[in-house]
Amino acid sequence: MGFWDKVKAVKNMVTGGAATVYVEVQEAKLGEPFKVVVKANVKDQDLSINGVYLKVRGMEKVTVPNVRVPADVDFDGDFEIVGTDLHRSAVTNEFEQNINGPQELEANQEYVWEAEITLPQGALPSYRGFNAAHEWEIFAGLDARGNDPDSDWVDFVAY
């Protein structure tokens, strides 16, 4: 391995750039197993991983529109009232699931893993209202040395 190859390997370890990871979710129903597909395109160097994992979470998001708050207080104690939207979110459900163990991934190859996961029967379904929503998100990652290559959070619908 030449000097620039070593530099590239360190950069990939720090940034998680050794592979591009995608996650796809089939139709998801609460309390029933559904299929998740994880794909990884390994870049130009072999990649040793400790496993492939999923993170799943339900998020309730609420917006309170046009809340009147004081702004621009001056030295005289005068202030202007302005309207602003307040945003809050809370995790309603979350779990992590390993879907494959340690392996060596070859450079310039695509890998595919499939798993079945089940959301709890009593969990909130996906919904979107005027000022509130409940969303499901999934995240796929390759457990590698340094920063894990991952898919980022991807929204999906669950009923």
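Residues numbered from 1 in each chain as written. Predicted model: local features only at pLDDT ≥ 70, side-chain atom pairs only at ≥ 80, totals over all residues. Heavy atoms only, no water.

## Notes on the overall build of the protein chain
Argument step 1. Counting secondary structure elements, the protein chain contains 1 helix and 9 strands.
Argument step 2. When the helices and strands of the protein chain are listed from N to C terminus, the series reads α-β-β-β-β-β-β-β-β-β.
Argument step 3. Within the protein chain, the fraction of its 159 residues that count as buried is 33%.
Argument step 4. For the protein chain, contacts bridging at least 24 residues in sequence account for 68% of all contacts bridging at least 6.
Argument step 5. Accessible surface for the protein chain amounts to roughly 9900 Å². Of this, 49% is attributable to carbon and sulfur atoms. (Helix = DSSP H or I, 4+ residues; strand = E, 2+ residues; numbered from the N terminus. Buried < 20%, exposed > 50% of the residue type's maximum accessible area, 1.4 Å probe, protein only. Contact = heavy atoms within 4.5 Å. Areas by Shrake-Rupley, 256 points an atom, 1.4 Å probe, with all protein chains shown as cover.)

## A look at a nonpolar patch on the surface
Argument step 1. A cluster of nonpolar side chains, V62, V64 and L86, forms an exposed patch at the surface whose accessible area comes to about 200 Å².
Argument step 2. Inspection of the secondary structure puts L86 in strand β4 (residues 80-100). (Patch = residues over 30% accessible without salt bridge, like charges linked within 9 Å, V, L, I, M, F, W, Y side chains within 5 Å. Salt bridge = Lys/Arg side-chain N within 4 Å of Asp/Glu carboxyl O.)

## Points about the side chain of E137
Argument step 1. Looking at the element boundaries, E137 is found in strand β8 (residues 132-144).
Argument step 2. A polar contact is formed between the side chain of E137 and the side chain of R57, at a distance of 2.6 Å.
Argument step 3. Residues contacting E137, with those up to four places away along its chain left out, are K55, V56, R57, M59, K61, W153, V154, D155 and F156. (Polar contact = N/O pair within 3.5 Å; in protein donor to acceptor, adjacent residues only side chain to side chain.)

## Thoughts on the packing of aromatic side chains
Argument step 1. For the coordinates displayed, the defined rule picks out 5 aromatic pairs.
Argument step 2. Here Y111 and W113 contribute two aromatic rings whose centre-to-centre distance is 6.1 Å and whose plane-to-plane angle is 15 degrees, an arrangement assigned as stacked. Both residues of the pair, Y111 and W113, count as buried.
Argument step 3. Seen in terms of ring centroids, F139 and W153 are 5.2 Å apart; in terms of plane orientation they differ by 45 degrees. Their pairing is tilted. Of this pair, F139 sits in strand β8 while W153 sits in the loop between β8 and β9 (154-156), and the two are 14 residues apart along the sequence. (Phe/Tyr/Trp six-rings, centres within 6.5 Å; stacked < 30°, edge-to-face > 60°.)

## Examining the sheet that holds strand β6 (residues 110-118)
Argument step 1. Overall, antiparallel pairing links the 3 strands, which are arranged β1-β2-β6 in an open sheet. Each of the sheet's edge strands pairs with one partner strand only, and the pair in question is β1 (19-25) and β6. The average angle at which neighbouring strand axes cross in this sheet is 20 degrees, direction not considered.
Argument step 2. Bridging between β1 and strand β2 (residues 33-42) involves 7 bridges; their strand directions are antiparallel. What sits directly across from V25, in β2, is V36. (Pairing = 2+ DSSP bridges. Axes fitted to C-alpha atoms, helices over the stretch in contact; angles between N-to-C directions.)

## Regarding the nonpolar core
Side chains that are nonpolar tend, in soluble globular proteins, to be buried together.
Argument step 1. Formed by 31 residues in total, the largest nonpolar core has its most connected members in V38, L47, L54, W113, L142 and F156.
Argument step 2. When contributions to this core are tallied by element, the ones reaching two or more residues are β1, β2, β3 (47-71), β6 and β8. (Core = buried A, V, L, I, M, F, W, Y, C linked by side-chain atoms within 4.5 Å.)

## Quick notes on the pattern of salt bridges
Argument step 1. By the definition in use, this model includes 6 salt bridges.
Argument step 2. The shortest N-O distance in the salt bridge between E137 and R57 comes to 2.6 Å. Of the two residues, E137 sits in strand β8 while R57 sits in strand β3, which places them 80 residues apart along the sequence.
Argument step 3. We note a salt bridge from R128 to E135, for which the minimum N-O separation is 2.5 Å.
Argument step 4. On the accessibility criterion, E135 (12% relative accessible area) is buried.
Argument step 5. Members of the salt-bridge network, linked through shared partners, are R57, K61, R128, E135 and E137.

## Quick look at the environment of T118
Argument step 1. The topology assignment puts T118 in strand β6.
Argument step 2. Sequence-wise, T118 and L30 are 88 residues apart; in three dimensions their C-alpha atoms are separated by 7.0 Å.
Argument step 3. In contact with T118, not counting residues within four places along its chain, are G31, E32, P33 and F95.

The analysis is restricted to geometry; functional conclusions fall outside its scope.
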